[in-house]
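Fold and geometry: a report
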Amino acid sequence: MTVRFVATPLAALVDLPVPRSGGLAADLLPAFLDPPGGETMLARLRDPRCLVVTTGQQPGLFTGPLYAVHKALSAAALAASLERQWNRPVVPVFWIAGDDHDFAEANHASWIGPDGQVVTHTLRARLPEAPLTPMYREPLGAEIEAAFEALGVAMPPSEYRDRTLEWLRRHYRPERTMSEAYGGALAELLAPLGVVCFDSTDVAVKRAAARYLLSALGQASRLDRELLLQNQQLRGAGKDPGIAVGDGATLVMLEGKLGRDRLVQDGAGLVTRRSGERFSPLDLENIAATAPERFSANVLLRPVIESALLPTVAYVGGPGELRYLELTPLIYRHLEVVRQSPVPRWSGILIEPRVDRVLEKFQASVDELMAPGQALEARLARTQLPREALGALEELRRALERGYGTLARAAVEIDPTMEKPVQSALHHALSGSQDIEKR
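Rules behind the numbers
Residues numbered from 1 in each chain as written. Predicted model: local features only at pLDDT ≥ 70, side-chain atom pairs only at ≥ 80, totals over all residues. Heavy atoms only, no water. Salt bridge = Lys/Arg side-chain N within 4 Å of Asp/Glu carboxyl O. Helix = DSSP H or I, 4+ residues; strand = E, 2+ residues; numbered from the N terminus. Buried < 20%, exposed > 50% of the residue type's maximum accessible area, 1.4 Å probe, protein only. Arc of directions from axis to C-beta. Contact = heavy atoms within 4.5 Å. Pairing = 2+ DSSP bridges. Axes fitted to C-alpha atoms, helices over the stretch in contact; angles between N-to-C directions.

The next subject is the pattern of salt bridges. Taken as a whole and judged by the stated rule, the model has 19 salt bridges. Put simply, Arg44 and Glu83 hold a salt bridge, and the shortest N to O gap is 2.8 Å. Of this pair, Arg44 sits in helix H1 (residues 39–45) while Glu83 is found in helix H2 (residues 67–86), placing the two residues 39 residues apart along the sequence. Note on Arg44: relative accessible area 28%, which makes it partly exposed. Of the charged contacts in the structure, one is a salt bridge between Arg333 and Glu226, with a shortest N-O distance of 3.9 Å. Taken together, the residues Arg333 in helix H12 (residues 329–335) and Glu226 in helix H8 (residues 220–236) connect sequence positions 107 residues apart. Classification of Arg333 as exposed rests on a relative accessible area of 53%. The partly exposed category is assigned to Glu226, whose relative accessible area is 25%.

Pasting the structure below:
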């Protein structure tokens, strides 16, 4: 079956990526996952002229939402195009955000069942008072077996069924963390497409990122102030970044007594928002030197860290990411990091042949089909009504308006307060005729 692809129109022009100085620090190479057949990709990364196109996602059950794969495909396509234009290696890299602690987003997966309905399975819930454990420390546990049982029941027999289950079982094992399982499964899936996965929680990555995180903490007041101003300007222009700023919170997270916690300014020091642990600047410098794995960046700082550590020329993101990335240029500037171009991920609609035939039959467009409400259905239904029925409905509306108009004029002469009740009765009567037409 051949399907037609209709691309989502871009809301605005995209800045094209430009080359930058290439080369990757050798001590970061172990952070790249090495699936079977990945040797060629790793060899390309060692090339001193190599550049990268990045994308990424927080870990999730059974590789998470499908758009994560769409992001990887988009990065691969862009990297291939840039490599041809620039005549130098450009590698697509998928950033595994294993620091993420939102278990409510990671603990479930949805798929289409045998009856065509969406099935959702949840691994388990995390108690509200429990520590916010990052996904690179969160074990899957024995509950993963029930998830596989539910998935196996839902998948109809096909040439792909057993291979898919075997692939997932190789990685989603009880003793593995959510991040390990996610990264391993994605690395194997994406390797044939030339996409390499990057473990952002590797100790070498943490060490390399520490100085940028400390710099962001040292400039926390100024960054907070300027981000608030930038947020207000964007909102004034009708753009909602979709993220809160200007509340004294820094761009840095720290693992403390209650898990991954946001550092918030408090006088001359900082305090973790959830657990209330207090740290001086010297305390934080000591942690960065001895236990850098406890630090991580929030969503606004993460792409800056990514560009500081990797020779990335573009980041492929979804609509929500592109909105909040408009806040970030000032962070790059203050941390003296080259900013990569934000690029929309692949997005569109797949139109099946039978749907195309229906659209052609009724001379309808895809835009009409996707419009909110039921405007297309109403238009098509109206064309199927007998001419005499349409005429009768129109005549009924005109008669109601004439009759109630005469009634309103007479009523107002008797009592001016009767105008609104008569108008209300007219609207009610017209609504009745519209209900008949809809039915």
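Within the sequence span of helix H5 (residues 161–171), burial applies to Leu165, Trp167, Leu168 and His171. In a view along the axis of H5, the buried residues occupy a sector of 160°, so they form one face of it. Packed against the buried residues of H5 are helix H4 (144–154) and helix H6 (178–190).

Here we come to the sheet that holds strand S13 (residues 341–344). Ordered in space as S6-S3-S2-S12-S13, the five strands form an open sheet in which the pairing is parallel. The sheet is open, and its two borders are formed by strand S6 (196–199) and S13, each paired with just one other strand. Pairwise comparison of adjacent strand axes, ignoring direction, gives a mean angle of 30° for this sheet. Pairing of strand S2 (residues 51–57) with strand S12 (residues 312–317) involves three bridges; the strand directions are parallel. Among the inter-strand pairings, Val52 is bridged to a residue of S12, identified as Thr312. In the packing of helix H10 (residues 302–309) onto the sheet, the strands contacted are S2, strand S3 (90–96) and S12, and the crossing angle to S12 comes to about 150°.

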